[in-house]
Amino acid sequence: MTDPMTAPTPAPVSARTPPPPPAPTTSPAAARRARRRDRRVYLRSHPLLFALLAATRRRPVVRLGRTVLVHGTEAYREALTKVPLDRTAPGTTGGAAAELTDGGLLFDQDGAEHRNARRALAGGLDTAAQQRIRPHWQAVLAKRIPDLAAGEIELVALARELAGVTAAALTGAQSCPHRLAHAAAEVAAHAARDHLPGPRRRGPDAAAATVDAAARLAALLPDAPDAPDARDARDAMVAVAAVNTTVAALPRAVAWCADAGLWPTVSETTALRLAAELLRLTAPSPLLPRVAAADTTLAGHPVRAGDRLVLVARHAARAHRRGPADDPAATQAVFGAGPHACPGAGLARALLADLLLALAPHHPVVTRARVDRRSALPGYAELTVRRGRS
Ligand code: HEM
């Protein structure tokens, strides 16, 4: 069988056709080290929630009162493609999107309305768009990575800058990439407090804080005279979706690569596949909170309208297991499934592949790592690397 780590890298991948996962080419001890550090990101940010999920993950579907935990790869896919979902229910991604944008924006849409919105967005994220945006992040890498030769670099700040220039290029914003990334992160952090399962911290102050954060982000985005409301809302949503996932994902993937000793395997021909595998292993967006819209069944289990579904992308991607997933559905799971599957998946993989390629000659090692307990997605507040021995 061809070793996927050495097979030629295909053209940039789309969200629906993830590449097969690469075979692990690291020692078991190094792989354990990488997994151990990455687990801390979950356990420090939401210890009880992730302990509960770990304790129940052996069964594909587990009911706890009106909450249904979905762990299995097939069940997860079925939940996203066959179960009718209430896209605007409070405490879901769509509910948060509807609140932030006055509704009508991708996550909270269905049917023809959603298909039209996806079509409008598609051209901005396809392979041609990636090629247009790529020089922006390449310029950041060319400016920042040489610092490694002399000392250390901090990956969270770098990821924020990369996410900021990407979001600016996607939306046409002229604002400072750091401010744009910061404003998008603030919106997501406020929205996430109403989003993850657990006690809600709602009230007039929380709602006002979310609205204020959304207004600060909107002020950094360009006005769209043709269709101001729709375009502004779309830009804000794309910025939030792109920045937060990228800032969470890139440092975790780099830490895994460093701890697992994977730098010697990174090359032009392998980087894209390794990026896909690191995203599967780290599952940056680990939980998708959804609500069933009608009575149905899921993997043979009855589901009632109004049941809260906690779709565990991390387990559907088999990120908690050792070894490769050997299943394209597991690799895809970190980007969702079906009509709402992440349209930015190809862009995210391409950006991570370029970051790995830029770092690899320096064989970076992690010198400091601090988990961010406040961010919307599990991630680091600081991840510093220094040049290692090549
Ligand atoms: C590692 C990075 C990323 C991860 C892990 C990720 C993950 C996800 C997931 C799990 C969903 C929900 C899918 C579903 O409900 O089936 C989603 C949706 C979405 N993502 Fe991403 N994403 C990433 C990067 C990006 C980027 C870079 C962009 C924009 C450039 C983006 C834009 C979106 C949008 C607009 C949606 C809503 C799609 C819809 O509802 O139709 N994402 N993403």
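In case you missed it, the structure is sitting above this.
Residues numbered from 1 in each chain as written. Predicted model: local features only at pLDDT ≥ 70, side-chain atom pairs only at ≥ 80, totals over all residues. Heavy atoms only, no water.

Trainee: Would you explain the overall build of the protein chain in this entry?
Mentor: Each helix and strand counted, the protein chain has 15 helices and nine strands in total. Taking all 390 residues of the protein chain together, the buried fraction comes to 54%. For the protein chain, the proportion of contacts with a sequence separation of at least 24, taken over those separated by at least 6, is 71%. Here the protein chain has roughly 16900 Å² of accessible surface; of this, 55% comes from carbon and sulfur atoms. (Helix = DSSP H or I, 4+ residues; strand = E, 2+ residues; numbered from the N terminus. Buried < 20%, exposed > 50% of the residue type's maximum accessible area, 1.4 Å probe, protein only. Contact = heavy atoms within 4.5 Å. Areas by Shrake-Rupley, 256 points an atom, 1.4 Å probe, with all protein chains shown as cover.)

Trainee: How do you make sense of the coordination of the iron atom of the ligand when you look at a structure like this?
Mentor: Ideal geometry at a metal gives 109.5 degrees between four tetrahedral donors and either 90 or 180 degrees between six octahedral ones. A lone protein donor binds the iron atom of the ligand: Cys342 (SG), at 2.3 Å. Along the chain, the position of Cys342 falls in the loop between α14 (328-333) and α15 (345-359). (Donors = N, O, S within 2.8 Å, 3.2 Å for Na, K, Ca; no water.)

Trainee: Mind showing me how you'd approach the site of the ligand here?
Mentor: Residues in contact with the ligand amount to 27 residues; listed here are only the nearest, His114, Arg118, Arg290, His340 and Cys342. Between the ligand and His114 there is a distance of 2.7 Å, counted from an oxygen atom to a side-chain nitrogen or oxygen. Arg118 is positioned such that a nitrogen or oxygen atom in its side chain is 2.8 Å from an oxygen atom of the ligand. When contributions to the shell around the ligand are tallied by element, the ones reaching two or more residues are α5 (111-122), α11 (228-259), β4 (287-291) and α15. The leading source of residues in the shell around the ligand is α11, at four residues. Looking at side-chain class alone, the shell around the ligand contains 20 nonpolar, five polar and two charged residues. (Near = heavy atom within 4 Å. Polar contact = N/O pair within 3.5 Å; in protein donor to acceptor, adjacent residues only side chain to side chain. Nonpolar A, V, L, I, M, F, W, Y, C, P; charged D, E, K, R; others polar.)

Trainee: Which parts of the structure should I look at to understand α5?
Mentor: Along an α-helix, a turn takes 3.6 residues, which lines up residues three or four apart on a common side. The end-to-end C-alpha distance of α5, which contains twelve residues, comes to 16 Å, matching closely the 16 Å that a straight helix rising 1.5 Å per residue would cover. Within α5, the full set of buried residues consists of His114, Ala117, Arg118 and Leu121. For α5, the angular spread of the buried residues around the axis is 100 degrees, confining them to a single face. Across from the buried face of α5, at angles greater than 90 degrees, the exposed residues are Arg115, Arg119 and Ala120. (Expected span 1.5 Å × (residues − 1). Arc of directions from axis to C-beta.)

Trainee: Please explain unusual backbone geometry as it appears in this structure.
Mentor: Peptide bonds are mostly trans, and most non-glycine residues show a negative phi. Here the phi dihedral of Arg318 falls at roughly 60 degrees; this positive angle occurs in a residue that is not glycine. Positive phi is not limited to glycine here, since His363 has a value of about 45 degrees. Inspection of the secondary structure assignment puts His363 in the loop between α15 and β8 (365-372). Judged by its relative accessible area of 18%, His363 is buried.

Trainee: Could you clarify how one ought to interpret the sheet that holds strand β9 (residues 379-386) in this entry?
Mentor: Strand pairs in the sheet, formed through backbone hydrogen bonds, run parallel or antiparallel to each other. The strand order across the open sheet built from three strands is β3-β9-β8, with neighbouring strands paired in antiparallel fashion. A single partner strand is all that each edge strand has here, and the edge strands are β3 (152-154) and β8. Direction aside, neighbouring strands of the sheet carry axes that sit 15 degrees apart on average. Here seven bridges tie β8 to β9, and the two strands are oriented antiparallel to one another. Paired with Val366 across the strands is Val385, a residue of β9. (Pairing = 2+ DSSP bridges. Axes fitted to C-alpha atoms, helices over the stretch in contact; angles between N-to-C directions.)

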